[in-house]
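A look at the structure
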Amino acid sequence: MSNGKIVTLKVLVWLACLYPLASLVYRAVFTSLGPDPTHTITFSTGLATIRLLVISLAITPLRRLSPRLSWLIRFRRLLGLFAFFYVSLHLLTYVGLYSYFDVKAIGADILKRRYVTAGMAAWFLLLPLALTSTKWSIRKLGKNWQKLHRLVYVAATLGVIHYWWLVKSGVRTPVTITVMLGVVLLARPLTTWIKNRPRPTTDNVTTSA
Amino acid sequence: MLIRKPNDIPSSEITSQSAYLNRRNFISGAAAAGAMALGADRVGQLVDPTSKVYAGTKLETVTSPLSTTGETLTTLKDITSYNNFYEFGSDKGDPARYAGKLQTRPWTVSVEGLVKNKKTFDIDMLLKLVPLEERVYRLRCVEAWSMVIPWVGYSLSEFIKRCEPLGSAKYVQFLSLADPKQMPYMKTVSLNWPYSEGLRMDEAMHPLTLLTFGLYGEALPNQDGAPVRLIVPWKYGFKSAKSIVKIRFVAEQPHTAWNDMAPREYGFYSNVNPDVDHPRWTQRNERRIGEAFYKQRRATLMFNGYGDQVAQLYTGMDLKKNF
């Protein structure tokens, strides 16, 4: 992949990542955020977060498919940081629009409401990942960087659990994103297993005959 | 000077009468196709949700002292495009999108159980039973949002009196239509169909409990529970069954749809109560539909603000236990 192409793609990815926010701002200013604007803001920032996490988690298994896809790695940090940007907006709507910055009420919510507990935990897990996303941190942390960044698996899973705990019982809207996360997570051990699988040799064939 | 008349229009150019008469269908068909191209989620907004034959019929009303005052009404657009009516899907926009198929005529409501007057009432007869009133009520959904709606109907007690329930009838059960042909999305939600709701007899006889036929002075749009529904303003919205086809008078507390689904989360009483949280979220506040995002939030009132009228129904009861 030439550098020119990468730059073009980066511009496109930036535009795509900014789309959910741009759409919210446009609707708030020029049209309408719908009958329940608070919910619209919360829902679209939450959905953008979990979608970006799933897409960023798809990069490693996709790269394993072919060495020609190795350039994909150059987009992973961008996607991850946008996920953190949206999860922070999401948290801010909860703190501001739902809790009116009432620290006591937020504290009680975290202890009492499991969907808040899960969501908060996910944000706290993503925070160090966003902070250590610089080249300097990657170099400084060495092998530990990779270990630390495995927290994203936990954070994404918590995000999906958070979604299930929010909807009314019997509502199945989180199914799609759950399946997608399941696929990108399971793809990891699966591709490792395929790579390390002992290949049957002619010897094996003759002994079994 | 001779002005040449153009040749007669060739007959092949003449629009056939049937095509001419159907031009509106063609245009609306083209509009629908265009709407599809814009994405299915927009169709509901483009195709007028209130354009059904019976929905939108003007209803004559008289004013009522039981109407709530001092609230800004939620717009007709929000009331008819933001609905929970799970027979038509679980997204708030689904009922407006898919309820068009619902046939609200002919429609009957059958009365069964512990009652002298076991009878089937035709909807047009119910509409004329007593004068219709306009009643503005707050509506508080269990999901912590709220609206203010000018309903049209009369006290359910007027209807119950004419059914002459027996002394042994302690509860009233309301059953909604459950027809997968008209309600294609029933299967997407794992509720126990038909949708069943119930009230204690004294709750059902309370003058605030409204047998409802319309809103904003017109017959109910399909997505709001046409042609006849219940409105119990001091309880969470799901207690107010929509598109009712059967009313049963019974001795025991009837099973109810959301209570069957999650008994810990949705009680039989389900009175609006800021002190009893949903196990997963708070009921202390609500978001008023249609307001700007920075001024949606307000405190939820005990019994949705109707405590003066209804609190005496529950004297001596532990409302935390009987949530």
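It should be emphasised that the depicted structure is a prediction, and the values quoted were computed from it without experimental measurement. (Residues numbered from 1 in each chain as written. Chains lettered and ligands numbered in written order. Predicted model: local features only at pLDDT ≥ 70, side-chain atom pairs only at ≥ 80, totals over all residues. Heavy atoms only, no water.)

1. As for helix H2 (residues 37–65) of chain A
With 29 residues, H2(A) extends 42 Å between its outermost C-alpha atoms, agreeing within 8% with the 42 Å of an ideal straight helix rising 1.5 Å per residue. At A:Ile59, H2(A) shows its largest kink, close to 30 degrees, and the proline A:Pro61 lies no more than four residues downstream. (Helix = DSSP H or I, 4+ residues; strand = E, 2+ residues; numbered from the N terminus. Expected span 1.5 Å × (residues − 1). Bend = angle between axes of the 7 residues up to and from the residue.)

2. What to know about a nonpolar patch on the surface
The grouping of A:Val7, A:Val11, A:Leu12 and A:Leu15 at the surface amounts to a nonpolar patch, some 380 Å² of accessible area in total. Position of A:Leu12 relative to the elements: it lies in helix H1 (residues 3–29). (Patch = residues over 30% accessible without salt bridge, like charges linked within 9 Å, V, L, I, M, F, W, Y side chains within 5 Å. Areas by Shrake-Rupley, 256 points an atom, 1.4 Å probe, with all protein chains shown as cover. Salt bridge = Lys/Arg side-chain N within 4 Å of Asp/Glu carboxyl O.)

3. A look at the confidence of the model for chain A
Close inspection of predicted coordinates is inappropriate for parts of the model with low pLDDT. Residue and element names in this part refer to chain A. Averaged over chain A, the pLDDT score is 90; the fraction of residues at 70 or greater is 95%. Here helix H10 (residues 202–208) stands out as the element of chain A with the lowest mean pLDDT, 48, in contrast to helix H5 (residues 114–131), whose mean of 96 is the highest. A low-confidence stretch, residues 205–209 stays under pLDDT 50, and its non-local contacts, those more than four residues away or across chains, total zero contacts. (pLDDT = per-residue confidence, 0-100. Contact = heavy atoms within 4.5 Å.)

4. Quick notes on empty space enclosed by the protein
Residue and element names in this part refer to chain B. What the rule picks out here adds up to one cavity of 30 Å³ or more. By volume, the largest cavity amounts to about 340 Å³. Residue lining of the largest cavity: 27 residues in total, with Asn84, Phe85, Arg229, Gly237 and Lys242 positioned closest to the centre. Tallying contributions element by element places strand S5 (residues 145–155) first for the lining of the largest cavity, with four residues. For the lining of the largest cavity, the residue count by class is 17 nonpolar, five polar and five charged. (1 Å grid on protein atoms, 1.4 Å probe; cavity = no way out; pocket = protein on both sides within 12 Å on 5 of 7 lines; lining within 4 Å. Points joined across faces, edges and corners; volume = space filled by probe spheres on them. Nonpolar A, V, L, I, M, F, W, Y, C, P; charged D, E, K, R; others polar.)

5. Quick look at the interface of chain A and chain B
Taken residue by residue, the interface counts 25 residues in chain A and 33 residues in chain B. Summing both sides of the interface, chain A and chain B together bury roughly 2,200 Å²; the carbon and sulfur share of this comes to 48%. Among the residues chain A hides against chain B, the three largest losses belong to A:Pro35, A:Lys168 and A:Ser169. Together they make up 30% of the total. If you look at where chain A meets chain B, you find three salt bridges. With a closest N to O distance of 3.1 Å, A:Lys112 and B:Asp277 form a salt bridge. Our count for the chain A to chain B interface comes out at 12 residue pairs in polar contact (both at pLDDT 80 or more). Of all the secondary structure elements, the ones that give two or more residues to the side of chain A that touches chain B are H2, helix H3 (76–98), H5 and helix H8 (151–166) of chain A. Broken down by element, the side of chain A that touches chain B gets its largest block of residues, four residues, from H2(A). Residues of the side of chain A that touches chain B, tallied by class, amount to 13 nonpolar, six polar and six charged. (Buried area = accessible area lost by both parts, 1.4 Å probe. Polar contact = N/O pair within 3.5 Å; in protein donor to acceptor, adjacent residues only side chain to side chain.)

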